[in-house]
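Chains, contacts and geometry: an overview
If you want the building blocks of each chain, they are given just below.
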Amino acid sequence: MKIMKKIFNYRFVVVLLVFSVACDNDFDELNTNKTAATAIDPAFQMNTATLNSSLQALIFEIGIVQQIISPNSGVLTGANYNQDNRATTDDNWQGYYRNVIKNTRDVMALTEELPDRANLRNMARILQAHAFMVLTDSYGDIPYSEGGLGYTEQINFPVYESQEQIYPMIIQELTEATGALDAAGKIETAEILYNGDIAKWKKFGYSLLLRAGMRLSKANQTLAASTVSAAFQGGVIVTNADNAVMKHDQNYQNPIGGTLNSTEAANFYLAAPFVNYLKSTSDPRLSAIAVRYVGAKSGPEQTIANQSYDPALQVGMPMGVDNPGAVKAAADLGLASFYDFSQADRRRLTKLSAQYFFVTAAQTNLLLAEARERGWITTGTVGQYYNAGVTAHMEQLGTVDPLAAVPAASISNYLAANPFDPAKALEQINTQYWVASFLNGPEAFANFRRSGFPALAPNPYPGREVTFISRLTYPNSEISVNTENVNAAIANMGPDKLDTKVWWDK
Amino acid sequence: MKKYYLLVGMLLFMYQQCWPQHAEVYAAVLKPVQARPQEKDSGPLKAALTEIERSFQVSIAYKDEWIENKFVYFSSSAFKAPEQALDTLLKDTGLYYEKAGDKFYVIHKKILRGSGVPQSSAAATTPAFSLSRMEDFTSPLVMSFTPQRTIELPLAVTVTGTIRDESGGAFPGVNIVVKGTAVGTTTDTNGKYTLTVDDDNATLVFSFVGYASQEVAVGGRTVIDITMTPDIQSLDEVVVTALGIERTSKSLGYSASKVNSDELTINRTPNLMNSLQGKVAGVNISGLGTGPNGTSKIRIRGQSSISGQNNPLIVVNGVPIDNTNFGTNPGNSASDNSVGVRAGGGNTSDGGDGLSSINPDDVESMTILKGATAAALYGSRAKDGVIMITTKSRGQGKGIGVTYNLNYTNDQPLDFTDYQYEYGQGEQGIRPTTPNPTSGQWSFGEKFQPGMRQVLYNGLDVPYEPVHDRIDKFFRNGENMTNTITLSTNGEKGGLNLSMANMESKGIVPNNTFTRNTINLGFTHDLNDKFSFKGNINYSYEYNKNPPNVANQDNSIPTSLYNLANSMPLEVLDENKYNAQGNEYIYSRFMNRTNPYWTMAEQFQNIRRDRIFGNVAIKYNILPWLFVQGRIGQDYWSRDQDYNNFPTGHASRAAAPPGFVNGVYTQEARRFRELNTDFLISATREFGNFGVNATFGGNHMQRRSDLNSVQVTDFVVRDLYTVQNGRAKDPLYSLTERAVNSLYGSAEISFKKFLYLNGTIRNDWFSTLSAANRSIIYPSVSASYIFTESMGTPPSWLTFGKIRAAYAEVGSDTDVPEYSNVLFYGINSNLVAGQPAGGPNGTTLPNPDLRPMRVSETEVGFDLKMFKGRVGLDVALYEKMTTDQIVQAQISDASGFVDTRINSGKSRNQGIEMLLTLVPIESENFTWEFTFNGAYNKTKVMSLLTDVPGERITVGTHVFNGELRQIVGQEMGQIAGFGYRREFLEDGHYSGRIVYGANGIALRTADLITFGSALPNWVGGFNNAFNFKGITLSFLIDFKLGNTMLSGTNFNAVRHGLHKMTLEGREGGMVGDGVNVNGEVNTAVAPVQSFWEVVRSQALIEPVVYNGGYWKLRQITMGYDFTKFLPDDFPIKQVRLNLVANNVLMLKKWVDNIDPETFGYSSDNLVGMESTGLPSTRSIGFNLNVKF
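Residues numbered from 1 in each chain as written. Chains lettered and ligands numbered in written order. Predicted model: local features only at pLDDT ≥ 70, side-chain atom pairs only at ≥ 80, totals over all residues. Heavy atoms only, no water.

When helices and strands are counted, chain A shows 21 helices and seven strands. When its C-alpha atoms are laid out on the principal axes, chain A stretches across 115 × 55 × 45 Å. Across the 506 residues that make up chain A, the buried fraction comes to 63%. Sequence-distant contacts, at least 24 apart, represent 75% of the contacts inside chain A between residues at least 6 apart. Accessible area for chain A stands at about 16,700 Å²; split by element, carbon and sulfur atoms hold 54% of it. Separation between the mean location of the 39 positive side-chain charges and that of the 48 negative ones in chain A comes to 3 Å. (Helix = DSSP H or I, 4+ residues; strand = E, 2+ residues; numbered from the N terminus. Buried < 20%, exposed > 50% of the residue type's maximum accessible area, 1.4 Å probe, protein only. Contact = heavy atoms within 4.5 Å. Areas by Shrake-Rupley, 256 points an atom, 1.4 Å probe, with all protein chains shown as cover. Lys, Arg positive; Asp, Glu negative; His and termini not counted. Charge placed at Lys NZ, Arg CZ, Asp CG, Glu CD.)

Encoded structure:
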């Protein structure tokens, strides 16, 4: 009895404890993050997408088009040896899907129900179309309609669509989004590409449309012609003031500049085909682009004291050399070492704060020249567009760094000495496009494949896996986890190899 | 009455935060309850014994410490005879008495004969348990014991002497018998005896329950003094199980290993767990090669879940403490709850873990609960086992005790490099003859010839000759010194233990030091016969100065040093670390291989941690068989860290904008608090042949952790590393909170002391999961059957035999980070082109529907003691299924995210553990004990997203080439990378011949191939312990076998021309042994440097994949107890000295140039991905223990 009483008294305690432990009312509040936002203004996400649209494409694209090359291996293996290096081929894929399209898709979802943010929504569509274009140009078939919808639509394993299906959709997207931009709507001044300037955005959108149309010049001429025509009528970028540019600074550095100014400073050199072409036409851009540290025997000897912009002194590194090959090539050419080859000047055009050019007046004018040549537009002359394109690029260099400015007299001298020759129109136009797209690897690579100009010789590296690189290989992660979809794409497109041609290149 | 209020009030306080709305219930409970009648004549046991001695004119002998703190209700007037009084008095005290002579009684402690749990080696010299623990043992077992009678015989020789126990104290009640006769006596309260024997050649047998019997020939002596030593084999141990519940080991249906505190204190390592390497079956401990405060990586029964931290739970005095890991894990791409460092700061040092706050001298005992059954009551965080540490809370013996312990070890860096020293610095077979090119990290130069010269990077012209012993020249010997002073008291009401310790460690990197000061206070106090409280507080201050950056390609001293050209004099690098501008003087075209001397001079890092943890428990014995306990425990630490791992002038960094100097400085402050409040109600009763123990309890765990961090890039004033001086500033703040509520109960039913059934059930509620998935209930059952006690008369060789079986489930949310249910957005610290930019945080897609993962484990085992304890065998077999694992599942990048957490992973661990103990020789002067512990474990991935064999995820990438994958249907932790392409024959088989390209360079496989699991299958050790006349000597050989490793050190050694395999082809180029793409014998000559560079240029890792196993002579310990030489009245009561050596000798390894243990990464996502860490060390030193 006594015992029972004691137990009875303690029962309260037990009951109390059981209830107090079992309660979890405050758990939802506890599991709420108090230091992070669940939403931000979509304009800021748009800025992240713009920022991340700059690429570092030195290892593959810029090497494939034989403008900058490294003799060294490891992380630098790529176009120098014509060898697959999936640690690098996935850079565009990851960079665009993870950092650009993830944000543009979110911006589009967030602004869908916000009529006053329609302009931002359409800007996001245009920027996203640019990203998808680079992606499909790089890899061929890619996830398009389902791409980037992991969060908004819970699509974790998007299906791939063929490039043949994708391009019309990109063209439609650009047409609709650009057309819908409305100067009477909200001006998105926080947006960094054009600070919300609708007129400039329209030119950017139509310039991308022009680029998309021209990309199909082999694959679907009908669609190409109509697209180019529509774009031209919409109004495209024809002056450098309208260029689509990511403005970098010391905090948000140019990705190529970041690479060439730190550990890889002494590992990349201007390739001989590029230097030799510029020399052959006495191109004033050579001294704006190139630097040679005369007599350098090592990276540390690449000092300002040794530097020379003299075009006559510039020597490009031959294609197809590995480290011992470069040593030998330098000796054969009478250089002090391979550190003595010409480089893209890391203190001017490839400095840390250099702009990244998405679309330029030079490129657009040159595309218009070809469009006029093909008769897809009917105003102006081919020569006018050609000269405007070359001039625009020469003038563009000085906007990056005053020390890279090309004097007006040099421009006119160049055009006089190398006049447009209608008999070689496509070759001249696209060779100039190649020069004008220097440091925009994906665009230079795409236009080279499309047009076939300039006629670059295959990389002679003895251990090359492929003769010519025509696309980048898919990321390992896709093969690991999105197996079914990527295999379907490979079955449609051809083997997942560097030399498989994409649809518009066939 | 007051005590009721106190108890209830305390418990209410503990829970009111969670349940504030029920104030009326408090009121109800706080109503005065009826007072319990006071019992009369309550008093100390000692007083009662004295009263019996006086009343009945008898003498009673006992050890003081057994009597202290025991209280009885007693009045001698109620009894007619002393036996009757003692019977009553000693009931329920765990003691019994023996009539040892006329009017002389000896009190003994009830000790159970029979089993022992798996016991660590070298335990022969000290008790395997603390005597004070036994006092708490309240379910005495019936003993059979035949008292010796004293028989008077005619005088012949009178032998006298003093018997001491193992700690040097007087030992009353020891039986002394003349061998072969019934003649005998026992020692008195002072441990003295007098015995008359009629024969000079007689042999005396000294015996006491629980102690080894000793036979001593009289040999004409009249004085024979003896020190008794405990007999490990005969003791039935008390094991502290989950929640601090003590049980006899024979009742356990699962495997629990007890670790003697001597194992931690004598031959010690700065992080206490590392000293247990190779000693406990099924426990795989790896000390990382990262410096004196490095992480201790502990895996029990293998890696179970597909996540990076399969760490056991650390419990100190019944309450979990934090064991957050600050290890370095570059390339870790899967789920991992270690604390990473922020990107951009260049920090790849190991910031240590939570265990390093514990001073080994404070540890009284440690129990390792291996299986899910053992840990089931700890629930979610115990899925990988529990390490239960009990710290000292009171003195031993009576009064005030002072102990001083000094430990010193000297750590010699070990050089396992076996590089080529035939061809020196240079590339393409050319030695440097001008300051540039800077080949400083390449040894593909010319063959050394007498008289050759080389020109170094600074223009210095020196002989072209090999520079040997880079490891010895650069590193210093490390040192560890620990001074601990312990003050303890022990009295009738309780006691306390206060220790103060200082540890000073010098790392082998000459500017790396680690200091730890600890104060530990443990106390226990009985307020009265029913109410008691105990507690402990541990404060530590740790200062880790300049932990080196390790295991990375860039900015790491070991990587630069191990790959230095073999003709580069180190003193030149030291003297010419600065160029004219004061920046790093570039000595290698690999600018990220920073000159190690420049690193030491310019780079700094400070990690300071203040930590206080402890708990207070109040216990109330409601009835003799029922108690209730409330406890509150907290672990709080704050940790300040700052580092400039890219100092100004670092060659690999871009120049700063004009007006600034470059560099990056990071400053961080973290605070962490975990609060655990729990209660326990426990009842123990016996009903005839049945015994029942039931326990019910609950726990509330709440954790809060936050971080302030600022990283600045470029500086205004050179060499001033402050946030204010930075150009671009990147601040960061994060806060996480989580809680778990739990209720649990356990019940044990025993039958006739040979059959035990145990069941537990626990319910957890997790704050990190959605309300629908928050709660999980999981059970465990276990059984133990001691067949030797039920079979009547077992064969004489079989001393003890038990079989056991257990099954348990555990649920866990440990791999679910806080706030992983929602997508959060962040804004960049700096404006982009003048505008804000931001986006979703991280690359993991949120999943609001996560459930707790489940572990279910089945275990069977047996435990045999044979030949009077000279042979013991304990074997356990287990199968552990980990299902519903929270997999950080890789998804398509094209979704915009990299991965998402889902409940889908399943893995299976299967293994066997065994402990074999043998005593091949046991004689008066010499004993030899042999112990073997071994464990085999294999963990197989059963499913990831699906269970389709071959499905895979990549969990980590090597800093060079290769990666770690989990692949369905294969062993966990597969190393993958490119291999050599082999000739493919028309019959569809590979010929095995390597295929070379037209340039003579090996071609690689079409895709990555797997090379095997990086997880060891076999882990164990052999220990031999000898005792020759009190001199103890033991040595331990341990092994890990069956694991594959990708060696980054050899990767670099091959590409830089240091590895001996690169000697082939130095003259005239290399023609690889194999075929060309047309199947013809390869004749193409490749430049030797390009040929071997395939590990980098082709990412072809096959040449540097090794068997990662080893056999090591791990420890040697030699000791002697000098106590016997101390005069009785000397102030020092005990002196013990041990000489120790650790990591003594590599007996066998397979990997070239390194110790396979010099591993830098703490995460399981990078296991086997070796990249150069600090060299391992051989430590030699001593441990001196003095008691006053």
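From this point, things continue past the structure.
Attention shifts here to the sheet that holds strand β6 (residues 157–164) of chain B. Residue and element names in this part refer to chain B. Ordered by their spatial adjacency, three strands build an open sheet running β9-β6-β12, and the pairing between neighbours is mixed. Single-partner strands in this sheet number two, and they are β9 (192–197) and β12 (226–227). Relative to β12, β6 runs parallel, the two sharing two bridges. By the bridge assignment, Arg 164 is partnered in β12 with Thr 227. (Pairing = 2+ DSSP bridges.)

Here we take up the interface of chain A and chain B. Residue-level contacts link 97 residues of chain A with 108 residues of chain B. When chain A packs against chain B, the two sides together hide about 8,500 Å² of surface, and 61% of this comes from carbon and sulfur. Measuring nitrogen to oxygen at the nearest pair gives 3.0 Å for the salt bridge that ties Arg 98 of chain A to Asp 893 of chain B. Taken together, the residues that form the side of chain A that touches chain B break down as 44 nonpolar, 36 polar and 17 charged. (Buried area = accessible area lost by both parts, 1.4 Å probe. Salt bridge = Lys/Arg side-chain N within 4 Å of Asp/Glu carboxyl O. Nonpolar A, V, L, I, M, F, W, Y, C, P; charged D, E, K, R; others polar.)

The next subject is the sheet that holds strand β57 (residues 1169–1170) of chain B. All names here are of chain B. The sheet built from three strands is open, its strands ordered β54-β52-β57 with mixed pairing. Pairing within the sheet leaves two strands with one partner each, and these edge strands are β54 (1105–1107) and β57. Bridging between strand β52 (residues 1044–1047) and β57 involves two bridges; their strand directions are parallel. Each residue of the ladder has a partner; that of Ser 1047, found in β57, is Glu 1170.

Quick look at the nonpolar core now. Counting 142 residues, the largest nonpolar core has Ile 68, Trp 201, Phe 204 and Leu 270 of chain A as the members making the most contacts within it. Excluding residues within four positions of it along the chain, Leu 270 of chain A makes contact with Gln 67, Ile 68, Val 275, Ile 289, Ala 290, Gly 316, Met 317, Ser 342, Gln 343, Ala 344 and Phe 438 of chain A. (Core = buried A, V, L, I, M, F, W, Y, C linked by side-chain atoms within 4.5 Å.)

Inspection of every chain in the model, using the stated rule, returns 60 aromatic pairs over all chains. Pairing Phe 751 of chain B with Phe 754 of chain B gives two aromatic rings, centres 5.8 Å apart and planes at 80°, and the pair type is edge-to-face. Through a chain of ring-to-ring contacts, three or more aromatic side chains come together here, namely Trp 93, Tyr 97, Phe 132, Tyr 139, Tyr 144, Tyr 160 and Tyr 474 of chain A. The positively charged end of Lys 102 of chain A is found above the aromatic ring belonging to Phe 897 of chain B, 4.4 Å away from the centroid. Sitting over the ring of Tyr 414 of chain A, Arg 285 of chain A keeps its end group 5.7 Å from the ring centre. (Phe/Tyr/Trp six-rings, centres within 6.5 Å; stacked < 30°, edge-to-face > 60°. Lys NZ or Arg CZ within 6 Å of the ring centre and 35° of its normal.)

Another aspect to go through is the domain arrangement of chain A. Much of the literature gives interface size as the accessible area that the parts lose upon coming together. Residues and elements named next belong to chain A. Annotation of chain A at the domain level lists domain 1 (42–254 + 353–493) and domain 2 (266–344). The gap between the C-alpha centroids of domain 1 and domain 2 is 28 Å. Counting from both sides, the interface comprises 33 residues of domain 1 and, opposite them, 25 residues of domain 2. Across the interface of domain 1 and domain 2, roughly 2,500 Å² is buried in total on both sides, 70% from carbon and sulfur atoms. Summed over the three residues of domain 1 that lose the most area to domain 2, namely Gln 66, Ile 69 and Pro 71, the buried surface amounts to 22% of that side. Counting across the domain 1 and domain 2 interface gives 10 residue pairs in polar contact (both at pLDDT 80 or more). Broken down by secondary-structure element, the contributors of at least two residues to the side of domain 1 that touches domain 2 are β1 (68–69), α16 (382–400), α17 (408–417) and α18 (425–436). The residue makeup of the side of domain 1 that touches domain 2, split by class, is 21 nonpolar, 12 polar and no charged. (Domains from an automatic or database assignment. Polar contact = N/O pair within 3.5 Å; in protein donor to acceptor, adjacent residues only side chain to side chain.)

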